[in-house]
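Below are the chains, spelled out letter by letter.
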Amino acid sequence: MKRNKFTITIVGHGYVGLVTAAVWADLGHKVYVIGRNREKINKLNHGEVYFYEPGLKKLLQRNLKSQRLKFTLNYQEALTNTDMVIVCVNTPGNHDGGADISAVINVSKKIIKNLQANFTVLAIKSTVPVGTNRKLLKLLKKYQKPGKRFAIVSLPEFLREGTAIKDTLHPHRIIIGVEDKRAEKLLLTFHRRFKAPILITNLESAEIIKYASNAFLSMKISFANLLSFLCEKTGANIEEVIKGMTMDKRINPHFFKAGIGFGGSCFPKDIKALTRILNKYQIDASLLNGVGKINQLAWQNAAHKTLKLVGSLKNKTVALWGLAFKPGTDDIREAPALKIIDWLLKKGAKIKAYDPQAMKNTLQKFDNVLYCKNALAAVENADVLIIATEWPEFKKVDWQLVKHRLKKPNIVDGRNLYYPDKMKQMGYNYLSSGR
Ligand code: UGA
């Protein structure tokens, strides 16, 4: 097969669906995106994005203009002449920690009922527990129309918020869980241009690879945090400990930084879901339980440092830099900063917060926080500053000016952004993680 232009239908327009659609359209494919909210679909068709992701709006507008990208509520329209359908709907956590896959099932049924080509690939990008795709295949067969064959593929996604466009354009790896030869050939042809290593495997392995990758990275972060607690008690330095460890080529330094812990819509949800899957198969999941527990201790440890610096927090003013779960996004889901806000408010503190992108979202949850127009405004008259997200602008602040504005020169750095010795030299009471 020599073709390099495809017609693709994507279901769902969250981070994964929308970024994938915009990037693939920009590569020259014709992309339809199916949604279910008329207002959002209209906005998207007018080039408006309802969350922040660097570069996405421009990419969306360019591809709407070239008519390679279209958003619709209509399955029939989006499935005419399609080569493959990519399901990107979300699988939120259930009350018991398991993944809620009902949206994946519902949209897949609709797709199969509306199939028009004689052969269609149905690729599931949504993160689903092992066994889901095979069950789905069995279920969907019941709705299959005569002569309309389809193949199920597990196509896990590894993009990160904040760098989603780059990650989609230049993926580090492509994992394809596929057992149908025709589908395999089509997906290999489609993905060839990305020049990333491709692993063809079965449905179950692809499903596990997704959860295992996120759980492993979470585990690395929690391991760094666990060691940082020990460093604080013993006078060791976490950065040197990690440097020494990663001199061993078997231990990779990425995602191995101590701080206030991980957040976001993926790591916390996926370790819970993987725990649930292990439990289902009666496999001891205490390793993963520990990862979650340490992640709680990480933000609590940082929060308690404010008490060390200011004594009681009652009626004290705390400046908070960073609300998003990481830089480059306005996403506050499971953000450590929000857990700290909740804790500070319960202790009677007043909070002045600043984040370059995430204040609007945080206001929906906390209307009793004072949101400031910049980092300097937030520290004005504050008793202590907490740094919760490593936005690049926080690296470039004028520390003399900050000191002048703060009521007391107290800093809790939850992301280990600065050199402790330098901060001390400048007269700060500076506490960070594991140093
Ligand atoms: C994560 C994965 O990195 C992606 O590969 C995956 O596709 C995505 O989940 C998903 O499943 O959809 P994302 O949630 O965007 O991506 O965020 P990350 O960049 O992985 O960061 C997660 C959290 O770990 C952040 O709160 C970050 O601050 C924290 N982190 C990261 C640390 O605390 N320490 C580190 O050393 C690295």
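Bear in mind that the values here come from a model prediction, so they are computed numbers and not experimental data.

> Looking at this structure, how should I read helix α8 (residues 181-191)?
Think of an α-helix as 3.6 residues a turn; residues three or four steps apart then line up on the same face. Turning to α8, its buried residues number three or more, namely A183, E184, L186, L187, T189, F190 and H191. One side-chain oxygen of the residue at the start of α8 lies 3.0 Å from the amide nitrogen of R182, identifying that residue as D180.

> Looking at this model, I keep getting lost on the side chain of T189. Mind explaining?
Topologically, T189 is positioned in helix α8. Judged by relative accessible area, which is 9%, T189 ranks as buried. Side-chain polar atoms of T189 contact the backbone oxygen of K185, separated by 2.7 Å.

> For this particular structure, what's the right way to read the site of the ligand?
By nearness alone, 19 residues border the ligand, and L159, E161, K210, N214 and K326 come closest of all. Here an oxygen atom of the ligand and a backbone polar atom of F158 are 2.9 Å apart. The contact in question runs from an oxygen atom of the ligand to an N or O atom on the backbone of F256, over 3.3 Å. Surface burial for the ligand is 90%, taken as the share of its 720 Å² of free accessible area covered by protein chains. At 3 residues, the largest contribution of residues to the shell around the ligand is made by helix α9 (residues 203-234).

> Is there a simple way to think about the side chain of N63 in this case?
With respect to the helices, strands and loops of the structure, N63 is situated in helix α3 (residues 56-65). Reaching out from N63, the side chain makes a polar contact with the backbone oxygen of L59 at a distance of 2.8 Å. A distance of 3.0 Å separates a polar atom in the side chain of N63 from a polar atom in the side chain of R68. When residues no more than four places from it in sequence are discounted, the contact partners of N63 are A22, A25, D26, R68 and L69.

> I would appreciate a short explanation of a nonpolar patch on the surface in the present structure.
A surface patch of nonpolar side chains, about 190 Å² in accessible area, is lined by L188, I198 and I200. Relative to the helices and strands, I198 resides in strand β8 (residues 198-201).

Parameters at a glance
Residues numbered from 1 in each chain as written. Predicted model: local features only at pLDDT ≥ 70, side-chain atom pairs only at ≥ 80, totals over all residues. Heavy atoms only, no water. Buried < 20%, exposed > 50% of the residue type's maximum accessible area, 1.4 Å probe, protein only. Helix = DSSP H or I, 4+ residues; strand = E, 2+ residues; numbered from the N terminus. Polar contact = N/O pair within 3.5 Å; in protein donor to acceptor, adjacent residues only side chain to side chain. Near = heavy atom within 4 Å. Areas by Shrake-Rupley, 256 points an atom, 1.4 Å probe, with all protein chains shown as cover. Contact = heavy atoms within 4.5 Å. Patch = residues over 30% accessible without salt bridge, like charges linked within 9 Å, V, L, I, M, F, W, Y side chains within 5 Å. Salt bridge = Lys/Arg side-chain N within 4 Å of Asp/Glu carboxyl O.

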